Amino acid sequence: KSVTTDENGKYNIDLEVGENYKIQVKKDGFYAADAELSTKSYITSQSVTTDLVLKPTPKEPIVLKNIYYTFGKADLQASATAAIDSTILKVLKENDDIKVEISSHTDSKGSDQLNMNLSQKRAESVVNYLINKGISKERLVAKGYGETNPLYTNKNPDGSDNAEGMEKNRRTEFKIIGTIPLTEIEYED
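Structural notes, computed from the coordinates. Since the model is a prediction, treat every value here as computed from it, not as a measurement.

What counts, and at which threshold
- Residues numbered from 1 in each chain as written.
- Predicted model: local features only at pLDDT ≥ 70, side-chain atom pairs only at ≥ 80, totals over all residues.
- Heavy atoms only, no water.
- Helix = DSSP H or I, 4+ residues; strand = E, 2+ residues; numbered from the N terminus.
- Rg over C-alpha atoms; globule rule 2.2 N^0.38 Å.
- Buried < 20%, exposed > 50% of the residue type's maximum accessible area, 1.4 Å probe, protein only.
- Contact = heavy atoms within 4.5 Å.
- Areas by Shrake-Rupley, 256 points an atom, 1.4 Å probe, with all protein chains shown as cover.
- Lys, Arg positive; Asp, Glu negative; His and termini not counted.
- Charge placed at Lys NZ, Arg CZ, Asp CG, Glu CD.
- Pairing = 2+ DSSP bridges.
- Axes fitted to C-alpha atoms, helices over the stretch in contact; angles between N-to-C directions.
- Polar contact = N/O pair within 3.5 Å; in protein donor to acceptor, adjacent residues only side chain to side chain.
- Parallel < 35°, antiparallel > 145°, perpendicular 65-115°, else oblique.
- Left-handed = near helix turned anticlockwise from the far one by under 90°.
- Nonpolar A, V, L, I, M, F, W, Y, C, P; charged D, E, K, R; others polar.
- Phe/Tyr/Trp six-rings, centres within 6.5 Å; stacked < 30°, edge-to-face > 60°.
- Lys NZ or Arg CZ within 6 Å of the ring centre and 35° of its normal.
- Arc of directions from axis to C-beta.

Helix and strand content of the protein: 4 helices and 6 strands. From first element to last, N terminus to C terminus, the protein shows the α and β order β-β-β-α-α-β-α-β-α-β. Relative to the 2.2 N^0.38 estimate, which gives 16 Å for 189 residues, the radius of gyration of the protein is 22 Å and therefore markedly larger than a compact globule would have. C-alpha atoms of the protein, sized along the principal axes, occupy 75 × 30 × 25 Å. Counting every position in the protein, which comprises 189 residues, the buried fraction comes to 30%. Across the protein, the fraction of contacts at a sequence separation of at least 24, relative to all contacts at a separation of at least 6, is 61%. Here the protein has roughly 12,600 Å² of accessible surface; of this, 48% comes from carbon and sulfur atoms. In the protein, which carries 25 positive and 30 negative side-chain charges, the distance between the mean positions of the two groups comes to 7 Å.

Below, the structure written as structure tokens:
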């Protein structure tokens, strides 16, 4: 069943005795929250209160840690897939109506066009991985930014390469960019 809360976030729903339920709460701009509730031990009708706290979705992109690529390549390494599984894949499965942009960035080595193409292919490799894990392609946007949005300087003051800054600039991020309409199923009481 689907119900809408009142202005204070409260709701009432009738449940059958002797069943297990999953309650999921959603609001635009917030991660979904869920809880499990069992009426298996109930014999008669009674009121039950379940408090769920919604956490706001961040407005800024979230850097995915440990997403590494072989130099000049777009293929995901095994450690990268494990990191994707425990972060963005988990978020997408728990929040089945959000749409995200997967963005990849490079350091300043190579030409602007080469870096733009490489970062686009890297973003697409993450999107393809997520699609293969069952996430709908309509919920995913791949965007390569090349070297246009560095978080750290790529060069030291003396003009030499800043290896640490370059490594941190080679990153993949995700950002929630909206929601997709879900098909609602109406149940009769």
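So that's the structure; there's more coming.
A few words now on the sheet that holds strand S5 (residues 140-144). With mixed pairing, the 4 strands of this open sheet are ordered in space as S3-S6-S4-S5. At either end of the open sheet lies a strand with only one pairing partner, and these are strand S3 (62-64) and S5. Pairs of neighbouring strands in the sheet enclose a mean axial angle of 30°, with direction left out of account. When strand S4 (residues 98-104) meets strand S6 (residues 172-179), the two strands line up antiparallel, connected through 7 bridges. Its bridge partner lying in S6, Ile102 is registered against Phe174.

Before going further, it helps to examine the environment of Glu164. By the element assignment, Glu164 lies in helix H4 (residues 163-169). In the structure, Glu164 is positioned 152 residues away from Asn12 in sequence and 54 Å away in space, judged by C-alpha atoms. There is a polar contact of 3.1 Å between the side chain of Glu164 and the side chain of Lys168.

Interaxial distance between helix H1 (residues 78-86) and helix H3 (residues 112-132) falls to 11 Å at its minimum, and their mutual angle equals 60°. When the axis of H1 is compared with that of H3, the two are oblique. Note that H1 runs across H3; the crossing there is right-handed. Contacts between H1 and H3 involve Thr81, Ile84 and Asp85 from the former and Val126, Tyr129 and Leu130 from the latter. Residue composition of the contact of H1 with H3, grouped by class: 4 nonpolar, 1 polar and 1 charged.

Inspection of every chain in the model, using the stated rule, returns 0 aromatic pairs. We note Lys143 situated over the ring of Tyr145; from NZ or CZ to the ring centre the distance is 5.4 Å. In this arrangement the basic side chain of Lys168 is found over the ring face of Tyr152, its NZ or CZ atom lying 5.0 Å from the centre.

With that settled, the discussion passes to H1. Where H1 is concerned, the buried positions are Ala80, Thr81, Ala83 and Ile84. What you see down the axis of H1 is that its buried residues fit within an arc of 160°, all on one side. Where the residues of H1 are buried, they touch helix H2 (88-94) and H3.

So, to be careful, I would describe these as geometric facts and stop short of saying anything about function.
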